[in-house]
Amino acid sequence: MNARHTPWHLLAAAASACLLVAGCSDSGSGSSDEPDAVDLEPLTGITSPETSTPPSGSVVLSPSGLHSTTFEPATRSIVALDDARTALTVFDADDAAVPPRSVPLPGEAADVVPGSDGIVLAPMNGGLAAIDLRSSEIRNVDIGSNLLSAATLSDGTVVAGDDSGSIHIVDFDANRSQSIGGLTSVDALASTEHGLAALDRHQTSLTEVDVDDRSLGLALRAGTGAAHLDTDEYGRILVTDAAGGELLVYSSDDLLLRQRFPVGAQPWAVAYDDKSDTVWVTTPADNEVVGYTLDTGIPVESHRFSTVRQPDSITVDPQTGDLYVGSATGEGLQRIDTAEQG
């Protein structure tokens, strides 16, 4: 438990958990304590207007829109999916003058996330691809599901989630996987030192996943329309509630809603900076990115920057704290030196 959370927030979170969690249900391959069932049609995005303020920092042109922008620390690369989602666009974080390169994928990817030591993972319809950014070599495991998400656990285990609500434990060496069912969809996966949690956007819920026991655990409601998540160095899970206009902060050692904070617009992408303990959230409706610190027990706004149009994905350089914003409409990759910008 993080000592910076106040007793009031602990009591409020515990009360929320008691109100939201219902009885246990058995789905065959997994079970969970679930909030009252809902079946939402998730938001596919928030439309941005034309920019009225020049983007903060600097912008590098891109050959297409950038989607699911992520940072790969071993190769110092910023990686994103192109508009067709059939290739990676790879930028050099240390030299903006180097043109971005394209790495074709074996299919259409839903996301791209860091793996380990120069590897990124791309969940696709039918399989999970592991791309070595140094050599552009690709390994693929056929899974037979439409994958939406992927993550690497602290012990190196790779997992992926699909659109039918299953989590797949992937073995690249054996070219096989085992699955845990029980959700409606697995739209994002959060790996912390305490384990794994799955975001189901149709149920707008966050659920513990016990990989060793192949089962689901406690489930909590994630606002009224969850969008994206990230994790931080304290094991917290940070979720944007786009429909509810809030930033939600969960603990993962014991899954509880610890903090919630109105953003003032529909929050979308989220990324955490370990160096400054700042949570960055984009608000595409006004082409901005907002920084919040969490060390007072509630999120406190610390920064606000103008962005490129349609800031649907963001990532942070863990070495420098620089913030990168990808424009989904082809206006480039924005770099913000947050320390310099103040």
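None of the values given here were measured: they were computed from a predicted structure.

A.B. asks: Talk me through the confidence of the model for the protein chain; I want residue IDs and the actual numbers.
C.D. replies: On average, residues of the protein chain score 89 in pLDDT, and 89% of them reach the 70 mark or higher. Predicted confidence is poor over residues 1-33, with pLDDT under 50, and the contacts of this stretch with residues over four places away or in other chains come to 71 contacts.

A.B. asks: Kindly report on the pairing of strand E16 (residues 195-200), identifying the contributing residues and their values.
C.D. replies: With five of six residues buried, E16 is to be regarded as a mostly interior element. With five bridges joining them, strand E15 (residues 188-192) and E16 adopt antiparallel strand pairing. What sits directly across from Thr192, in E16, is Gly195. Counted between consecutive antiparallel strands, the loop separating E15 from E16 contains two residues.

A.B. asks: Tell me about the environment of Ser252, residues and numbers included.
C.D. replies: Inspection of the secondary structure assignment puts Ser252 in the loop between strand E21 (246-251) and strand E22 (256-262). Judged by relative accessible area, Ser252 falls into the buried class, the value being 13%. Separated by 17 residues in sequence, Ser252 and Gly235 have C-alpha atoms that sit 5.9 Å apart. Contact partners of Ser252, with chain neighbours within four places excluded, come to Thr192, His194, Glu208, Gly235 and Ile237. A polar contact is formed between the side chain of Ser252 and the side chain of Thr192, at a distance of 2.9 Å. Here Gly235 takes part through its backbone oxygen, which lies 2.5 Å from a polar atom of the side chain of Ser252.

A.B. asks: Let's hear about the environment of Glu340: which residues, and what values?
C.D. replies: With respect to the helices, strands and loops of the structure, Glu340 is situated in helix H2 (residues 338-341). Residue classification places Glu340 among the exposed positions, given a relative accessible area of 64%. Distance from Glu340 to Gly57, taken between C-alpha atoms, is 9.2 Å for residues 283 residues apart in sequence.

A.B. asks: Give me the pattern of salt bridges: which residues, what numbers.
C.D. replies: Across all of its chains, the model carries 12 salt bridges by this definition. A salt bridge links Arg134 to Asp117; the nearest nitrogen and oxygen atoms lie 3.3 Å apart. Here Arg134 is found in the loop between strand E10 (125-132) and strand E11 (138-152), whereas its partner Asp117 is found in the loop between strand E8 (113-114) and strand E9 (119-123), with 17 residues between them in sequence. On the basis of relative accessibility, which here comes to 55%, the residue Asp117 falls in the exposed class.

A.B. asks: Give a description of the sheet that holds strand E28 (residues 323-327) that names residues and reports values.
C.D. replies: Pairing within the open sheet is antiparallel, and its four strands lie in the order E3-E29-E28-E27. Across the chains shown, the open sheet's two edge strands, defined by having one partner strand only, are strand E3 (58-60) and strand E27 (311-316). Mean inter-strand twist for the sheet, computed between neighbouring axes without regard to direction, equals 25 degrees. Relative to E28, E27 runs antiparallel, the two sharing five bridges. When the sheet's bridge partners are listed, Pro311 is paired in E28 with Ser327.

A.B. asks: If you had to explain the environment of His194 to someone new, which residues and values would you point to?
C.D. replies: Looking at the element boundaries, His194 is found in the loop between E15 and E16. For His194, a relative accessible area of 41% corresponds to the partly exposed category. In this structure, His194 is in contact with Gly235, Ser252 and Asp253, ignoring residues within four places of it in sequence.

A.B. asks: Quick one: what's the story with unusual backbone geometry, residue by residue and with numbers?
C.D. replies: A positive phi angle, close to 40 degrees, is found at Thr204, a residue other than glycine. Looking at the secondary structure, you find Thr204 in the loop between E16 and strand E17 (205-210). Classification of Thr204 by relative accessible area gives buried; the value is 2%. At Asp277, a position not held by glycine, the phi torsion is positive, near 55 degrees.

A.B. asks: I'd love a proper account of a negative patch on the surface, names of residues and values included.
C.D. replies: Taken together, Asp155, Asp210, Asp212 and Asp213 make up a surface patch of like negative charges. Topologically, Asp210 is positioned in strand E17. A residue is classified by how much of its surface remains accessible, and Asp210, at 30% relative accessible area, is partly exposed.

A.B. asks: Would you mind going over the side chain of Glu72 in detail, with residue names and values included?
C.D. replies: Position of Glu72 among the secondary structure elements: in strand E4 (residues 67-72). There is no salt bridge for the buried Glu72, and the closest opposite charge comes from Arg134, which lies 5.9 Å off by N-O distance. Of note is the side chain of Glu72, whose polar atom sits 3.2 Å from the backbone nitrogen of Ala74. Setting aside anything within four residues of it in sequence, one finds Glu72 in contact with Ser77, Asp117, Gly118, Ile119, Val120 and Leu133.

A.B. asks: A description of the pairing of strand E29 (residues 333-336) should follow, citing residues and the corresponding values.
C.D. replies: Relative to E29, E3 runs antiparallel, the two sharing three bridges. Directly across from Val59, in E29, lies its bridge partner Gln334. Both E28 and E29 contribute to a ladder of four bridges, which runs antiparallel. Within the sheet, the bridge partner assigned to Leu323 lies in E29 and is Ile336. Taken together, E28 and the strand that follows it, E29, pair antiparallel across an intervening segment of five residues, in which Gly330 is found at a positive phi of about 90 degrees.

Rules used throughout
Residues numbered from 1 in each chain as written. Predicted model: local features only at pLDDT ≥ 70, side-chain atom pairs only at ≥ 80, totals over all residues. Heavy atoms only, no water. pLDDT = per-residue confidence, 0-100. Contact = heavy atoms within 4.5 Å. Buried < 20%, exposed > 50% of the residue type's maximum accessible area, 1.4 Å probe, protein only. Helix = DSSP H or I, 4+ residues; strand = E, 2+ residues; numbered from the N terminus. Pairing = 2+ DSSP bridges. Polar contact = N/O pair within 3.5 Å; in protein donor to acceptor, adjacent residues only side chain to side chain. Salt bridge = Lys/Arg side-chain N within 4 Å of Asp/Glu carboxyl O. Axes fitted to C-alpha atoms, helices over the stretch in contact; angles between N-to-C directions. Patch = residues over 30% accessible without salt bridge, like charges linked within 9 Å, V, L, I, M, F, W, Y side chains within 5 Å. Areas by Shrake-Rupley, 256 points an atom, 1.4 Å probe, with all protein chains shown as cover. Lys, Arg positive; Asp, Glu negative; His and termini not counted. Charge placed at Lys NZ, Arg CZ, Asp CG, Glu CD.

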